[in-house]
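# A closer look at the structure
Residues per chain, in single letters:
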Amino acid sequence: MNYVIGIDVGTGSVRGALFTEKGKLEKLATQRITTWNPKEQFYQQSSDEIWSACCTVIKQLIIGISIENIKGLGFDATASVVVIDTEGNSLSVNVGDENTQNVILWMDHRAEKEARIINTTEHPLLNNSGGKISVESMIPKLLWLKNNHSKCWESSGYFFLLPDFLTWKATGQDSRSLCCVIGKCNYQCSPELSQWNYEFFESIGLGELRNENWKKIGSQIITPGKLCGKLTSKAAKDTGLLPGTPVGASLIDAHAGGIGMLGCSSEDVSSDFTTRVGSLAMICGTSTCHMTQTKEDIYVGGLWGPYYSAMVPNMWLLAGGQSVSGKLIDHIIDMHPASSLIKIKCQNLNVAEYLDCLLNRITTERGLNNVDELTNNLHVWPDFHGNRSPLADSSIRGMIHGLTLNVDEENLALLYLATIQALVYSTKFIIDTMKKAGHHTMESIFICGGLSKNKLFVKTHANAIGLKVLVPEQEESVLLGAAELGATAAGIYPNLQQAMLNMAGAAKVEMPNLNVNKYHEKKYEVFLKMLKHQIRCKLIMES
């Protein structure tokens, strides 16, 4: 039996999985990692700890397995920034901290000022970031280091996004994944042109990054899944794998989820691969990433992209998202007075399952045909942590309309339902923005991640948007996507598309209930008016 390993480095842990070459999950392993929060908006990690955790996870996965049968290795990770000196050692990213804290986490917002400065240039290259650069990207963070931490800046040898750091540690090759440099580093790429844009970097005060053929941020750019190198003797010793094991060029974590599920098969979905990847892929966890592929480079204000070959080779990627989704649902539940009693009553059910059962009971008691219709007088705007897309406005805040003095468990259930509906309308808002910009009509939605296990969340997407929703039967889509990188690098499949189609497996399909379409259209109209009212209120207070 031949195997491949996928490693996923998230915000709080390293997760790994052992798959057969056909995509069957054989084993999982997890190792926690530390996040430091030394100041408000500062979030830091240690690449030494992260690499050690990766090695621990790999060793756990191969217990009882002949390592000769491990044919490939793939990595994905958050889009965090790793700083390394000229000797390959960690460099502190905060004045006064120890060198072990050399990672600026993706969610770190220390560079908000620098992001604003970059956006004031209105450089044409920013059109590939939805018209403005995000504080979550690498370049504002590098500008912050230059402006605020000269010792780190002057001693730096390499700046990696975390996925590329992992392939460097594994292979010794300082290549960069096209996914990383396009999506978070303002690399310029199209079928005709692939380059770092010196004029852009000079305009924002980072022109010296061009030195030594852009060595610090990447001289060699590789398409995801291509062989980026083979495991070094040292990395082999650290992981327990054989030296020379092929390692695939990496992906950002959400993109790995897209790769892992877009190959899913179902009788209800077209077998045309191009049509399938043109649907919406949602990776849903603490936050949600919305991604779709197109044959043309369609610009959509407020969305990231279009990025060429950043996820699926030879196609353009558009990416949007919600800053909070799973976290918002948890917050709404935890802040409600009835939640503590429900948690006691739940026993073997989780709170969401309990609330789902309660909503079904309320629907029957009220003589309604569908759960969807319970929130006639309760509406939520879900951007409690700002809007990632399509508004790209971190100052937008959450809203709840229709509150009463009632604080019983029925009230919580209705608020929970209204919150899920709001998250779905936010997805519809993104889709509608894409359509207005000229994006083709979508055939379906693919969902993976923690919220894909929430049946109400999945069903509401189908009903409110009017599209069939596919949930992979293989629940670990992100890890599978990472493993597919290793399988492609090892030559098990000739290209990433074939790895996707052969390893993804089947999907469960949720068909839309068109009987509630008109109801959701009304709710969506209210949803959009809530935004207008919030903007109007802000203008009044600022006048």
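Above this text sits the structure in question.
Below you will find a few notes about this structure. (Residues numbered from 1 in each chain as written. Predicted model: local features only at pLDDT ≥ 70, side-chain atom pairs only at ≥ 80, totals over all residues. Heavy atoms only, no water.)

In terms of helices and strands, the chain carries 19 helices and 24 strands. Taking 543 residues into account, the globule formula puts the C-alpha radius of gyration at 24 Å, and the chain, at 23 Å, falls close to it. For the chain, buried positions account for 59% of its 543 residues. The long-range fraction of contacts in the chain, counting pairs at least 24 apart against all pairs at least 6 apart in sequence, stands at 70%. Entry remark: accessible area of the chain is about 21800 Å², with carbon and sulfur atoms responsible for 48%. Positive and negative side-chain charges in the chain, numbering 49 and 54 respectively, have mean positions lying 1 Å apart. (Helix = DSSP H or I, 4+ residues; strand = E, 2+ residues; numbered from the N terminus. Rg over C-alpha atoms; globule rule 2.2 N^0.38 Å. Buried < 20%, exposed > 50% of the residue type's maximum accessible area, 1.4 Å probe, protein only. Contact = heavy atoms within 4.5 Å. Areas by Shrake-Rupley, 256 points an atom, 1.4 Å probe, with all protein chains shown as cover. Lys, Arg positive; Asp, Glu negative; His and termini not counted. Charge placed at Lys NZ, Arg CZ, Asp CG, Glu CD.)

A sheet is described by the order of its strands in space; here 4 strands give the open sequence β4-β7-β6-β8, paired in antiparallel fashion. Across the chains shown, the open sheet's two edge strands, defined by having one partner strand only, are β4 (44–45) and β8 (156–161). Here strand β6 (residues 81–85) runs beside strand β7 (residues 103–104); their pairing, made up of 2 bridges, is antiparallel. Opposite valine 81, over in β7, you have isoleucine 104 as the bridge partner. Across the sheet, helix α3 (residues 138–148) touches β6, β7 and β8, and the angle it forms with β8 is around 155 degrees. (Pairing = 2+ DSSP bridges. Axes fitted to C-alpha atoms, helices over the stretch in contact; angles between N-to-C directions.)

Cis geometry marks the peptide bond from glycine 305 to proline 306; its omega dihedral reads 5 degrees. Locating proline 306 in the fold gives a position in strand β18 (residues 304–308). Across the junction of serine 389 and proline 390, the peptide omega takes the value 5 degrees, indicating a cis bond. If you trace the backbone, proline 390 turns up in the loop between β20 (379–381) and β21 (399–401). The phi angle at asparagine 186 is positive, at roughly 60 degrees, despite the residue not being glycine. Mapped onto the elements of the fold, asparagine 186 is located in the loop between α6 (178–185) and β10 (188–189).

Tallied over the entire structure, the rule returns 18 aromatic pairs. Between the aromatic rings of tyrosine 187 and tryptophan 196, the centroid separation amounts to 4.9 Å while the plane-to-plane angle is 80 degrees, which identifies the pairing as edge-to-face. Considered together, tyrosine 187 and tryptophan 196 belong to a single accessibility category, that of buried residues. These aromatic residues form a ring-pair network of at least three members: Tyr187, Trp196, Phe200, Phe201 and Trp214. (Phe/Tyr/Trp six-rings, centres within 6.5 Å; stacked < 30°, edge-to-face > 60°.)

Looking at helix α2 (residues 112–120), one finds that the buried residues are Glu114, Ala115 and Ile118. When α2 is viewed along its axis, its buried side chains cluster within an angular range of 100 degrees and face the same direction. Exposed side of α2, more than 90 degrees from the buried face: Lys113, Arg116 and Thr120 are the residues found there. The secondary structure elements touched by the buried residues of α2 are α3 and α7 (198–203). Positive phi appears at glutamate 122, one or two residues downstream of α2, with a value of about 50 degrees. (Arc of directions from axis to C-beta.)

Attention now moves to the packing of helix α13 (residues 339–346) against helix α14 (residues 351–365). At a minimum axis separation of 9 Å, α13 and α14 run at an interaxial angle of 95 degrees. Between α13 and α14, the interaxial angle falls into the category roughly perpendicular. From α13, Ile342, Lys343, Lys345 and Cys346 reach across to α14, where they touch Val351, Tyr354 and Leu355. In terms of residue class, the contact of α13 with α14 is built from 5 nonpolar, no polar and 2 charged. (Parallel < 35°, antiparallel > 145°, perpendicular 65-115°, else oblique. Nonpolar A, V, L, I, M, F, W, Y, C, P; charged D, E, K, R; others polar.)

Before going further, it helps to examine the sheet that holds strand β16 (residues 280–284). Strands sit in the order β18-β19-β17-β16-β22-β23-β24 across an open sheet of 7 strands; the sheet is mixed. This sheet does not close on itself; its edge strands, each paired only once, are β18 and β24 (507–510). Recorded for the sheet is a direction-independent mean angle of 25 degrees between the axes of neighbouring strands.

Here the focus is the pairing of β6. In terms of burial, β6 is largely enclosed, as 5 of its 5 residues are buried. Burial along β6 is two-sided: Val81, Val83 and Asp85 and Val82 and Ile84, pointing in opposite directions, are all buried. Two elements, β6 and β8, share 5 bridges in a ladder whose sense is antiparallel. By the bridge assignment for β8, valine 82 is matched with phenylalanine 160.

All right, on to the nonpolar core then. The biggest cluster of nonpolar side chains holds 74 residues, and the ones touching the most others in it are Ile139, Leu142, Leu145, Phe159, Phe201, Leu206 and Leu209. Counting residues in hydrophobic clusters, the runner-up holds 61 residues, among them Cys284, Ile329, Val351 and Leu417. (Core = buried A, V, L, I, M, F, W, Y, C linked by side-chain atoms within 4.5 Å.)

Turning our eyes to something else, we now look at the side chain of aspartate 356. Structurally, aspartate 356 is set in helix α14. Buried aspartate 356, no salt bridge; nearest opposite-charge side chain is lysine 455, N-O distance 7.7 Å. (Salt bridge = Lys/Arg side-chain N within 4 Å of Asp/Glu carboxyl O.)

Tracing the chain through its elements places aspartate 297 in the loop between β17 (288–294) and β18. As for aspartate 297 and tyrosine 43, which are separated by 254 residues in sequence, their C-alpha atoms are 34 Å apart. Residues contacting aspartate 297, with those up to four places away along its chain left out, are Pro306 and Trp316.

For the structure on display, the rule yields 15 salt bridges. When salt bridges with common partners are traced through the structure, they connect Asp8, Arg15 and Glu476 into a single cluster.

None of the figures reported here should be taken as evidence of function without further support.
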